[in-house]
Amino acid sequence: MTAMQDAAPGQVSYASDRLRPVRVWLYSLAAFVLLIVVVGGITRLTESGLSITSWKPLSGVIPPLNQAEWEAEFEAYKQIPQFQVLNSWMSLDDFKYIFFWEWFHRLLARALGLVFLVPFVVFLFQKRLPRDLAWPLFGLFILGGFQGALGWWMVSSGLTELTSVSQYRLAAHLTAACFLFIALIYVARSISPGRVLGRVTPFHLTTGVVLLIAVVLQIGAGAFVAGLDAGMGYQTWPLMDGAVIPNGLFVMDPAWRNLFENALTVQFIHRGIAYLIVAYVVWLLWKRHGDGGFAGVHGWLPRIAFIVLLQVGLGIATLLASVPIGLAVGHQALAFMLAGLSVAYIADMRRVR
């Protein structure tokens, strides 16, 4: 029996469950990506990301093993602006702490390549992957490699002139990780066995895609907040700097720079997108309630709404508590989970159709 049978136009259905190991692998990869994002958030919040000033794809797996090697790494760190301007007080023991987080983050990123490639090759030899699935999965492997290249491109921005990484490159790095995460979830949901019930129209699909786009944009906006440390200021809610619309949103020239370089404007945009997502989800709930309710595939929507409210509450708590690491990392991880739920909703709606 082949793995692919009874395919409807525009959709692949799988009669056997030979793809169950593939689904488990894809969900595991998505969880691994989320782990890397969490460790990356800790790395950023502990200001550890510039502690390793070179990129050694193979030898970099092994950390310094003796005093001389540690001294050499510390000496390299002393040459960059972050140490000279901000961290000249550091001892070698202080340096070892920030070195660990960056090294661990890079180690996980390297491991992701192996966790992807080895099972992929095994599944190919077992002929579990039809061609229309193998090529997209190989594309995800390329996307993962591109994500690693973006990581070094981001780090390199803080080694010569800046005391931290460029917020533009941080946003690119985090958004690429988000694309990889949601692609893994989408493929896994798309090859799930069994029927999905419910009535799905082009309107339902379109509104689901709009929700996903809004969540991804919000994750990108959050990266700019993180890159500028914008959460360290204006730590009141619901007012911001004492007003609903604060003064100083467009003090930079040209005006577009405020959207990405003005900490006040960047945080204001992040808040604004959150409000829009809440309003949009409330509208979706109202529309679905009057259009058949939440049975079948549309049961995803109340779960999404719950996570949206939880995410907003966590974001406010993170801001008011001056961005503690635990809350901030949880806020970032929950944003990825929200994106994952949104893309799972879309994948299941496509399976209905």
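Residues numbered from 1 in each chain as written. Predicted model: local features only at pLDDT ≥ 70, side-chain atom pairs only at ≥ 80, totals over all residues. Heavy atoms only, no water.

### Focus on the overall build of the protein chain
In step 1: What the protein chain contains, in helices and strands, is 11 helices and 0 strands.
In step 2: Secondary structure elements of the protein chain occur, N-terminal to C-terminal, as α-α-α-α-α-α-α-α-α-α-α.
In step 3: Scaling as 2.2 N^0.38, a compact globule of 353 residues should have a C-alpha radius of gyration of about 20 Å, and the protein chain matches this with 22 Å.
In step 4: Considered along the principal axes of its C-alpha atoms, the protein chain spans approximately 65 × 55 × 35 Å.
In step 5: A burial count over the protein chain gives 47% of its 353 residues as buried.
In step 6: Counting every atom, the protein chain has about 17,400 Å² of accessible surface; 69% of that belongs to carbon and sulfur.
In step 7: Here the protein chain contributes 24 positively and 18 negatively charged side chains, and the mean placements of these two sets differ by 17 Å. (Helix = DSSP H or I, 4+ residues; strand = E, 2+ residues; numbered from the N terminus. Rg over C-alpha atoms; globule rule 2.2 N^0.38 Å. Buried < 20%, exposed > 50% of the residue type's maximum accessible area, 1.4 Å probe, protein only. Areas by Shrake-Rupley, 256 points an atom, 1.4 Å probe, with all protein chains shown as cover. Lys, Arg positive; Asp, Glu negative; His and termini not counted. Charge placed at Lys NZ, Arg CZ, Asp CG, Glu CD.)

### Focus on the packing of aromatic side chains
In step 1: Scanning the model with the defined rule gives 24 aromatic pairs in all.
In step 2: Ring geometry for W256 versus F260: centroids 6.4 Å apart, planes at 55°, classification tilted.
In step 3: The ring of W300 has R303 sitting right over it, with the charged end atom 4.8 Å from the ring centre. (Phe/Tyr/Trp six-rings, centres within 6.5 Å; stacked < 30°, edge-to-face > 60°. Lys NZ or Arg CZ within 6 Å of the ring centre and 35° of its normal.)

### Overview of the packing of helix α5 (residues 131-156) against helix α6 (residues 167-190)
Helix-helix packing: each pair is described by the crossing angle between the helix axes and the interaxial distance.
In step 1: Packing of α5 against α6 leaves a shortest axis separation of 9 Å and a crossing angle of 160°. Looking at the two axes, α5 sits roughly antiparallel to α6. Judged by the sense of rotation from one axis to the other, the crossing of α5 with α6 is left-handed. Between α5 and α6, the contacting residues are L133, L137, L140, L143, G144, Q147, L150, G151, W153, M154 and S156 on the first element and R169, L170, A172, H173, A176, A177, F179, L180, A183, L184 and V187 on the second.
In step 2: The class makeup of the residues in the contact of α5 with α6 is 16 nonpolar, 5 polar and 1 charged. (Axes fitted to C-alpha atoms, helices over the stretch in contact; angles between N-to-C directions. Parallel < 35°, antiparallel > 145°, perpendicular 65-115°, else oblique. Left-handed = near helix turned anticlockwise from the far one by under 90°. Contact = heavy atoms within 4.5 Å. Nonpolar A, V, L, I, M, F, W, Y, C, P; charged D, E, K, R; others polar.)

### Quick word on the side chain of S192
In step 1: Within the secondary structure, S192 sits in the loop between α6 and α7 (202-227).
In step 2: A polar atom in the side chain of S192 sits 3.2 Å from the backbone oxygen of A188.
In step 3: Beyond its immediate stretch of four places on either side in the chain, S192 contacts R23, Y27 and R351. (Polar contact = N/O pair within 3.5 Å; in protein donor to acceptor, adjacent residues only side chain to side chain.)

### Brief notes about helix α9 (residues 263-289)
In step 1: With 27 residues, α9 extends 39 Å between its outermost C-alpha atoms, agreeing within 8% with the 39 Å of an ideal straight helix rising 1.5 Å per residue.
In step 2: Capping the start of α9 is the job of one residue whose side-chain oxygen sits 3.0 Å from the backbone nitrogen of L264: N262. (Expected span 1.5 Å × (residues − 1).)

### Focus on the side chain of Q167
In step 1: Relative to the helices and strands, Q167 resides in helix α6.
In step 2: Those residues in contact with Q167 that lie beyond four places of it in its chain are F224, G227, L228, F260 and E261.

### Overview of the nonpolar core
In step 1: Core analysis: the biggest nonpolar cluster contains 95 residues, and W25, L26, L137 and F336 have the highest contact counts within it.
In step 2: Apart from residues no more than four positions distant in its own chain, W25 is found in contact with V115, F116, P119, F120, F123 and L137. (Core = buried A, V, L, I, M, F, W, Y, C linked by side-chain atoms within 4.5 Å.)

### A short note on the environment of G222
In step 1: With respect to the helices and strands, the residue G222 is situated in helix α7.
In step 2: Along the primary structure G222 and Q267 are separated by 45 residues, whereas in three dimensions their C-alpha atoms are 8.2 Å apart.

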